[in-house]
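These are the residues of each chain, in order.
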Amino acid sequence: MLRGIDVSAYQSSSFDTDGLSFVFVKATEGRSYVNPRLAAQTKRARDAGLVVGFYHFLWPGDLQAQAEYFVKHAPEKAGDILAVDWETTGDGTHASNAQKDSFIRKVKALRPHHRVVLYCNRNFWLNIDTTSYAGDGLWIADYVTAGEPRIKAKWRFHQYAGTPHDKDVAAFASRDALREWAGGA
């Protein structure tokens, strides 16, 4: 399994890249937030030769506007991965299954040459999700042994720890295999 992390404005732009194969960077949230460290965190990952992904924290509401906002602000380079972060918002709501599915499809339509994946935690996947639609792959958060999330579905990425930062693994044999998958959308 490959090691990676995901970062947002809460993390430094000079994160340690030793031993990593990939990094997901928070790009946007809703229709008004852009990670102020997006450019610097992206540069750090690219300079280290890592596969780079970007994620959007999804809110209920205008999915077309959110998808357009995300692709407008997420850097666009061949082989980048795009993700929707589907979880409970700060006000205790969450996008519906139909909204989550629609957002993934809209992003895929706007960036057809990029892989688009779903990020959610184990509870959302098992108890809230009713469609099992994850676009090009599932990125599951379950804080257990790396690579052993407690779900039966096939997953591509597994977030297994949250401290001191979010740690992830990817179910690929090599960085080249991940890069080939990411570029084969």
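The structure this text deals with has already been given above.
Caption draft 1: Looking closely at the pairing of strand E9 (residues 166-170). Judged from the five bridges that link them, strand E1 (residues 2-7) and E9 form a sheet pairing that is antiparallel. Note on E9: the bridge partner recorded for Arg3 is Val169. Where strand E8 (residues 157-161) meets E9, four bridges bridge the pair, whose relative direction is antiparallel. For His158, the partnering residue across the bridge sits in E9 and is Val169. What sits between the antiparallel neighbours E8 and E9 is a turn of four residues.

Caption draft 2: A look at the pattern of salt bridges. Tallied over the entire structure, the rule returns nine salt bridges. In this structure, Asp47 engages Lys43 in a salt bridge whose closest nitrogen and oxygen atoms are separated by 2.6 Å. On the criterion of helical spacing, the pair formed by Asp47 and Lys43 is a turn pair, its members being four residues apart in helix H1 (residues 38-47). Note on accessibility: Asp47 and Lys43 belong to one class, exposed. A salt bridge links Arg150 to Asp142, with the nearest nitrogen and oxygen atoms 2.6 Å apart. Given the relative accessible area of 46%, Arg150 is considered partly exposed.

Caption draft 3: Focus on unusual backbone geometry. In this chain, Thr163 is followed by Pro164 through a cis amide linkage whose omega measures 0 degrees. Mapped onto the secondary structure, Pro164 falls in the loop between E8 and E9. Its identity is not glycine, yet Ser132 carries a phi of approximately 55 degrees, on the positive side. Turning to its location among the elements, Ser132 is positioned in the loop between helix H4 (122-128) and strand E7 (138-141).

Caption draft 4: Highlighting the packing of aromatic side chains. Tallied over the entire structure, the rule returns 13 aromatic pairs. Centre to centre, the rings of Phe157 and Phe172 are 6.2 Å apart; their planes meet at 50 degrees, and the pair counts as tilted. Of the two residues, Phe157 is situated in strand E8 and Phe172 in the loop between E9 and helix H5 (175-183); the sequence distance between them amounts to 15 residues. Through a chain of ring-to-ring contacts, three or more aromatic side chains come together here, namely Phe22, Phe24, Tyr55, Tyr119, Trp139, Phe157, Phe172 and Trp181. Stacked on the ring of Trp86, the Lys or Arg Lys100 has its end atom at 5.1 Å from the ring centre.

Caption draft 5: Here's a closer look at the environment of His158. Locating His158 in the fold gives a position in strand E8. For His158, a relative accessible area of 0% translates into the label buried. Between the C-alpha atom of His158 and that of Arg105, which follows or precedes it by 53 residues, the distance is 22 Å. At 2.9 Å, the side chain of His158 forms a polar contact with the backbone nitrogen of Gly147.

Caption draft 6: Fine view of the packing of helix H2 (residues 63-73) against helix H3 (residues 97-110). It is at 9 Å that the axes of H2 and H3 come closest, and there the two elements cross at 45 degrees. Our classification of the angle between H2 and H3 gives oblique. The handedness of the crossing between H2 and H3 comes out as right-handed. Only Gln99, Ser102, Phe103, Lys106, Val107 and Leu110 of H3 make contact with H2, whose side of the interface consists of Leu63, Gln64, Gln66, Ala67, Glu68, Phe70 and Val71.

Rules used throughout
Residues numbered from 1 in each chain as written. Predicted model: local features only at pLDDT ≥ 70, side-chain atom pairs only at ≥ 80, totals over all residues. Heavy atoms only, no water. Pairing = 2+ DSSP bridges. Helix = DSSP H or I, 4+ residues; strand = E, 2+ residues; numbered from the N terminus. Salt bridge = Lys/Arg side-chain N within 4 Å of Asp/Glu carboxyl O. Buried < 20%, exposed > 50% of the residue type's maximum accessible area, 1.4 Å probe, protein only. Phe/Tyr/Trp six-rings, centres within 6.5 Å; stacked < 30°, edge-to-face > 60°. Lys NZ or Arg CZ within 6 Å of the ring centre and 35° of its normal. Polar contact = N/O pair within 3.5 Å; in protein donor to acceptor, adjacent residues only side chain to side chain. Axes fitted to C-alpha atoms, helices over the stretch in contact; angles between N-to-C directions. Parallel < 35°, antiparallel > 145°, perpendicular 65-115°, else oblique. Left-handed = near helix turned anticlockwise from the far one by under 90°. Contact = heavy atoms within 4.5 Å.

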